[in-house]
Amino acid sequence: MVLSNLFVKFKTRMKDLPEGHRQTTPVNAHRPSPASGKDVQPGANQVDSIQDMTANTENVCNFVILKGTDMAKDKIAYVCSNCGQESAKWMGRCPNCGEWNTFKQIRIPAGTGDAGSDGTSSFYDGLPSGTGKPVALRDISAQDEPRIDMHDAELNRVLGGGMVPGSITLLGGEPGIGKSTLTLQTILRMPEYQTLYVSGEESAHQIKLRADRLTADLKGPERDSAGAHISILCETSLEKVLEYVKACRPGLIVIDSIQTMSTEKIGSSPGSISQVKECASILFRLAKTSGIPVILIGHINKEGTLAGPKILEHIVDTVIQFEGDAHYIYRILRSTKNRFGSTSELGIYEMEQNGLKPVSNPSELLLTEDHDGLSGVAISAAIEGVRPFLVETQALVSSAAYGTPQRSATGFDQRRLNMLLAVLEKRVGFKLMQKDVFLNIAGGLHVTDLAIDLSVIAAVLSSNLDIAIETGWCMAGEVGLSGEVRPVSRIDQRVAEAEKLGFSHIIIPRNNQKGLHAERYKIAIVPVRKVEQALKALFG
């Protein structure tokens, strides 16, 4: 009976204590010493012992309440692998991005998030970390940010004129597309900057072999001195990388790749959501406090987006995608986010034995010169950013071998192709219900310019009728659902590019004719308002 009353009293006292200050200890853990009669001190912890234990219950158990002990435990959270949304419990559907079964469990160690715990807030002595006070907008300097010349015209264009000191850039692309090659050949051309190349995937020997291949064209002392400014560090621990950065103070840091880096602050494996997020945050603070630009190389998942949490793209200043088909020699460099420039710029490279060669005039390489007399080929004047170039649209229309006709597009939006085929059937009167349609943009490019609509329709109709489009004709125009040819932007640059490449006729929307000075060009300009008018001009 006495023992029962004792447990009731102890349970009541335990309920009054906050979570984390309750602990039970075995017999004789902390009790008065029988020899001296004095209490045994439990270290720095304060012990509140139950003094009214009877002789019968003292030999059974002794309950101790530790008041000052820090019993903080690791926290469990759930993070969406698609967008980075955090939740205290698991959910089947993410409320932010709407994806299903994307919440993954992560463990947050106790004490994570203390300011300056990673050492980057005071990484360099004497570096200002911010005033901490608001500044009037009129007192802020409006001068352009200084730029670092990358010695690559295509890369400088995509970055907005060069890399900004203290910025962090994320370069993503498919495996084997040439991300590491592009980065290495770029820093090899920058001997004025001491560069730290951190590799978590390849050995130093592999990087050396690639560098020798990229510098194979150099001769004598120039080749011997190539790469003397580059330090290779094969390491995946971010703490060790930070120690080396503090010791050598490089002018540029390359991390290949961010998915292989890990920090001791997080207990999960490298590449997990929490590791990628924390490592990117630490490197971001390092870049901003030290002024050292950082290039992160990232992987992509099967959907074609950057692997890791979506917050990774929000942390960095610039996100660059390196695209292209592994079976083609051309690579496309485009920016999807840029805090220091436009996201509409485009860079084109040609893959060669000794690296990636920038293509200054892509129109000459993307056009085929021997398509005379071939049906299903149309030339379009497209623009990416402020750069005009002519692309070749190829189409093949054949009778459907099965009940359901096939619709396939390479380098063009599949849904937009279906829409254009519906317009061609409804507004122009060509029946394609029992036809297979295959569309391809030559050169392995993926074109998003809507001005290519007119060439898609022309190529499909040319293949269906088996009539070739006359040599010297190109076109530019967006097609609407009612069959009208809508105006496009930068028509002057499109016409000038077509004239420069020797084309004799160009079909443009009629509404673009208003601000166009046709007398400046030798090329014949054919304005149209409807799709039927464009097809009549091409096929008679």
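None of these values were measured; they are calculated from a predicted model.

(A) Seen up close, the packing of helix 4 (residues 179–188) against helix 5 (residues 204–214). In the contact formed by helix 4 and helix 5, the axes pass within 10 Å of each other and the chain directions differ by 65°. Viewed along their axes, helix 4 and helix 5 form a crossing whose handedness is right-handed. Where helix 4 approaches helix 5, its residues S180, T181, L184, Q185 and L188 are matched on the opposing element by I207, R210, A211, R213 and L214. Split by residue class, the contact of helix 4 with helix 5 holds five nonpolar, three polar and two charged.

(B) Examining the packing of helix 7 (residues 238–248) against helix 8 (residues 273–290) more closely. Contact pair helix 7 / helix 8: the axes reach a minimum separation of 11 Å and the direction vectors enclose 10°. Comparing the axis directions of helix 7 and helix 8 gives the class roughly parallel. Note on element contacts: helix 8 touches helix 7 through C279, I282, L283 and L286, opposite L238, L242 and V245. Grouping the constituent residues of the contact of helix 7 with helix 8 by class yields seven nonpolar, no polar and no charged.

(C) Examining the environment of T289 more closely. Turning to its location among the elements, T289 is positioned in helix 8. The spacing of T289 and G166 is 123 residues in sequence and 7.7 Å in space, taken between C-alpha atoms. Within polar-contact distance, the side chain of T289 engages the backbone oxygen of R285 at 2.7 Å. One polar contact links the side chain of T289 to the main-chain carbonyl oxygen of L286, over a distance of 3.3 Å.

(D) Structural view of the sheet that holds strand 10 (residues 294–298). Pairing within the open sheet is mixed, and its nine strands lie in the order 8-7-9-10-6-11-12-13-14. Edge positions in the sheet fall to strand 8 (230–234) and strand 14 (355–358), since each of these pairs with one other strand and no more. Within this sheet the neighbouring strands show an average axis-to-axis angle of 25°, counted without direction. The pairing of strand 6 (residues 168–173) with strand 11 (residues 318–323) spans five bridges and is classified as parallel.

(E) Up close: the environment of R520. With respect to the helices and strands, the residue R520 is situated in the loop between strand 22 (505–509) and strand 23 (524–528). On the accessibility criterion, R520 (61% relative accessible area) is exposed. Considering only alpha carbons, one finds R520 and A496, 24 residues apart in sequence, at a separation of 9.5 Å.

(F) Main features of a nonpolar patch on the surface. Side chains of V135, L137 and I140 sit close together on the surface and give an oily, nonpolar patch of about 330 Å² of accessible area. Along the polypeptide, V135 turns up in the loop between strand 5 (103–108) and helix 3 (153–159). Taking relative accessible area as the criterion, V135 reaches 53% and is therefore assigned exposed.

(G) Quick peek at the pattern of salt bridges. As enumerated under the stated definition, the model contains 17 salt bridges in all. The salt bridge partner of R157 is E154, with a shortest N-O separation of 3.0 Å. With R157 and E154 both in helix 3, this residue pair falls three residues apart, about one helical turn. Judged by its relative accessible area of 30%, R157 falls in the partly exposed class.

(H) The arrangement of the side chain of T102 in detail. Note on placement: T102 falls in the loop between strand 4 (86–87) and strand 5. Accessibility expressed as a relative area gives 10% for T102, which makes it buried. Dropping the residues within four chain positions of it, T102 is found in contact with V79, C80, S81 and C94.

(I) Empty space enclosed by the protein, seen in detail. All chains considered together, the criterion is met by four cavities of 30 Å³ or more. For the largest cavity, the calculated volume is near 130 Å³. Breaking the lining of the largest cavity down by element, the ones donating at least two residues are helix 3, strand 6 and helix 4. Considering every element that reaches the lining of the largest cavity, the biggest residue donor is helix 4, with four residues. Residue classes in the lining of the largest cavity are distributed as 10 nonpolar, three polar and no charged.

(J) Examining the packing of aromatic side chains more closely. Counted according to the given criterion, the structure contains one aromatic pair. Measuring from centroid to centroid gives 6.1 Å for F322 and Y349, while their planes differ by 80°, and the two rings are edge-to-face. Of this pair, F322 sits in strand 11 while Y349 sits in strand 13 (residues 346–352); the two residues are 27 residues apart in sequence, bridging distant segments of the chain. On the basis of relative accessible area, F322 is assigned to the buried category, the value being 2%. Residue classification places Y349 among the buried residues on the basis of a relative accessible area of 0%.

(K) Focus on the pairing of strand 6. Extensive coverage of strand 6 is indicated by the burial of six of its six residues. With burial as the criterion, each face of strand 6 is covered, one bearing I168, L170 and G172 and the other bearing T169, L171 and G173. Relative to strand 10, strand 6 runs parallel, the two being bridged by five bridges. Bridge assignment links I168 to a residue of strand 10, and that residue is V294.

(L) Geometry of the confidence of the model for the protein chain. This prediction gives the protein chain a mean pLDDT of 81; 80% of its residues lie at or above 70. pLDDT under 50 marks residues 20–71. Its contacts with residues more than four places away, or in other chains, come to 66 contacts. Under a pLDDT of 50 for its full length, residues 113–128 has, in the predicted model, 25 contacts with residues more than four places off or in other chains.

Calculation criteria
- Residues numbered from 1 in each chain as written.
- Predicted model: local features only at pLDDT ≥ 70, side-chain atom pairs only at ≥ 80, totals over all residues.
- Heavy atoms only, no water.
- Axes fitted to C-alpha atoms, helices over the stretch in contact; angles between N-to-C directions.
- Helix = DSSP H or I, 4+ residues; strand = E, 2+ residues; numbered from the N terminus.
- Left-handed = near helix turned anticlockwise from the far one by under 90°.
- Contact = heavy atoms within 4.5 Å.
- Nonpolar A, V, L, I, M, F, W, Y, C, P; charged D, E, K, R; others polar.
- Parallel < 35°, antiparallel > 145°, perpendicular 65-115°, else oblique.
- Polar contact = N/O pair within 3.5 Å; in protein donor to acceptor, adjacent residues only side chain to side chain.
- Pairing = 2+ DSSP bridges.
- Buried < 20%, exposed > 50% of the residue type's maximum accessible area, 1.4 Å probe, protein only.
- Patch = residues over 30% accessible without salt bridge, like charges linked within 9 Å, V, L, I, M, F, W, Y side chains within 5 Å.
- Areas by Shrake-Rupley, 256 points an atom, 1.4 Å probe, with all protein chains shown as cover.
- Salt bridge = Lys/Arg side-chain N within 4 Å of Asp/Glu carboxyl O.
- 1 Å grid on protein atoms, 1.4 Å probe; cavity = no way out; pocket = protein on both sides within 12 Å on 5 of 7 lines; lining within 4 Å.
- Points joined across faces, edges and corners; volume = space filled by probe spheres on them.
- Phe/Tyr/Trp six-rings, centres within 6.5 Å; stacked < 30°, edge-to-face > 60°.
- pLDDT = per-residue confidence, 0-100.

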